[in-house]
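Structure assessment
Each chain is listed here by its residues.
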Amino acid sequence: MDLFSRSWTALLAAVAALPDEDFAKPSGCRGWLVRDLVCHLVIDAQDVLITLVTPSEAEPTADAITYWKVAQTPPAGDDPLDALIVRLAAAYEDPALLKFHLDDVGSAAGRAADLADPGVRVGTQDMVLTAGDYLSAYVLEWTLHHLDLPGEARPPGLAQARGMLEKIAGAAFPASFTDTGALLVGTGRRAPTEAETAALGDLAARLPLVLG
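By size, the foremost hydrophobic cluster in this structure holds 64 residues, and its most contacted members are F4, W8, V48 and Y134. Breaking this core down by element, the ones donating at least two residues are α1 (2–16), α2 (34–52), α3 (80–92), α4 (95–115), β3 (127–130), α5 (131–148), α6 (158–169) and α7 (179–186).

Set out below in structure tokens:
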């Protein structure tokens, strides 16, 4: 729970510090400009708010790891929600408006997370999780998207995000990989070097892990 708050606070601060010209640059998410990614974060913040006030009496069906659906093919950009995000992001025009909206909704999501009982069950995407597991899953999301922004980022959740990705993969990345390298290569944000491919061994054939 604490790492969720620290990861989210760091990500919001990183977006707030971006110069306007960075919003038109490519992000680490394939096919998305930085403004598209920031718009996606607005929707993520809304999802956090909605989920935390959607209690469930059912038994949990997922945890922070099984919450993630894994594919090996990057999105083609034809998903209706992805297309909507791109159009919505362009409609903001002034990056200051997009920054304001993220700070407004994002701050509310952060407060809701701080107030949440980690043991309460919540429902989202046809799954039931404890609030603690749900928020823990987002540490991976926030960390990856922090790395997607321009600049040399050091998100606070790097080590935990790497551990989560290794659990999703069912294998550990070589010790020679930095946490950032494991996350970028593991999710297809960067192609591995020849040396990294050799070090990965059998795991190389199962990458990238496209999370959704």
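Attention shifts here to a nonpolar patch on the surface. On the surface, L81, L84 and L88 cluster together to form a nonpolar patch covering roughly 240 Å² of accessible area. Relative to the helices and strands, L81 resides in helix α3.

To continue, consider the side chain of T143. Residue placement: T143 occurs in helix α5. Under the relative-accessibility criterion, T143 is labelled buried at 1%. Looking at T143, its side chain comes within polar contact range of the main-chain oxygen of V139, at 2.7 Å. Ignoring any residue separated from it by four or fewer positions in sequence, one finds T143 in contact with S7, P155, G157, L158, A161 and L183.

In this section: the state of the cysteines. Tallied over the full model, the rule gives 0 disulfides. Left without a disulfide partner, C39 is nearest to the cysteine sulfur of C29, which lies 13 Å away.

Scanning the model with the defined rule gives 7 salt bridges in all. Across the salt bridge formed by D2 and R6, the nearest N and O atoms sit 3.0 Å from each other. In this pair, D2 and R6 are both assigned in helix α1, 4 residues apart and thus about one turn of the helix distant. Judged by its relative accessible area of 52%, D2 falls in the exposed class. Between D179 and R162 there is a salt bridge, with its nearest N and O atoms 3.1 Å apart. Residue D179 is located in helix α7, and its partner R162 is located in helix α6; the two are separated by 17 residues in the primary sequence.

This part takes up α1. Count 3.6 residues to each turn of an α-helix, and residues three or four apart come out pointing the same way. The end-to-end C-alpha distance of α1, which contains 15 residues, comes to 21 Å, matching closely the 21 Å that a straight helix rising 1.5 Å per residue would cover. Every buried residue belonging to α1 is among L3, F4, S5, S7, W8, L11, L12 and V15, and all of these are buried. The secondary structure elements touched by the buried residues of α1 are α2, α4, α5 and α6.

Right, let's talk about the packing of α1 against α5 for a bit. Viewed as axis vectors pointing N to C, α1 and α5 meet at an angle of 25 degrees, and their least axial separation amounts to 9 Å. Between α1 and α5, the interaxial angle falls into the category roughly parallel. By crossing handedness, the relation of α1 to α5 is classed as left-handed. Contact residues: α1 offers L3, F4, S7, W8, A10, L11 and A14, while α5 offers L135, Y138, V139, W142, T143, H145 and H146. Of the residues contributing to the contact of α1 with α5, the split by class is 10 nonpolar, 4 polar and no charged.

What counts as what
- Throughout this description, residue numbers start from 1 for each chain and increase along the sequence as written.
- The model is predicted, so local features are restricted to residues of pLDDT at least 70 and side-chain atom pairs to those at 80 or more, both for listing and for counting; the totals for chains, interfaces and linings are taken over all residues.
- Remark: hydrogens and water are excluded; side-chain values derive from all non-hydrogen atoms of the structure.
- For the purposes of this section, nonpolar cores are sets of buried Ala, Val, Leu, Ile, Met, Phe, Trp, Tyr and Cys residues that join through side-chain atoms within 4.5 Å.
- Here's how the labels work: a residue is buried when its accessible area is under 20% of the maximum for its type, exposed when over 50%, partly exposed in between, all with a 1.4 Å probe on protein chains only.
- The way it works is that DSSP assigns letters per residue, a run of H or I at least four long becomes a helix, a run of E at least two long becomes a strand, and they are numbered from the N terminus.
- Each patch is built from residues lacking any salt bridge and having more than 30% relative accessible area; the joining distance is 9 Å for like charges and 5 Å for nonpolar side chains (Val, Leu, Ile, Met, Phe, Trp, Tyr).
- To be clear on the numbers: accessible area is Shrake-Rupley with a 1.4 Å probe, and residue cover counts the displayed protein chains and nothing else.
- Salt bridges, as used here, are contacts in which a Lys or Arg side-chain nitrogen is within 4 Å of a carboxyl oxygen on Asp or Glu.
- For this analysis, a polar contact is any N or O atom pair within 3.5 Å, provided that within protein one partner can donate a hydrogen and the other can accept it, and provided that sequence-adjacent residues contribute only side-chain to side-chain pairs.
- Two residues form a contact once any of their heavy atoms are found within 4.5 Å.
- Two cysteine sulfurs form what is called a disulfide whenever their separation falls within 2.5 Å.
- Multiplying 1.5 Å by the residue count of a helix minus one yields the expected span of that helix.
- Lines fitted to the C-alpha atoms define the axes, with helices restricted to the stretch that makes contact. Angles between their N-to-C directions range from 0 to 180 degrees.
- An angle below 35 degrees is read as roughly parallel, one above 145 as roughly antiparallel, one from 65 to 115 as roughly perpendicular, and any other as oblique.
- Crossing handedness: left-handed means the near helix sits turned counterclockwise from the far one by under a right angle, and right-handed means the same turn made clockwise.
- Side-chain classes are defined by residue name, with Ala, Val, Leu, Ile, Met, Phe, Trp, Tyr, Cys and Pro counting as nonpolar, Asp, Glu, Lys and Arg as charged, and the others, Gly among them, as polar.

Geometric descriptors of this kind do not, in isolation, establish any biological role.
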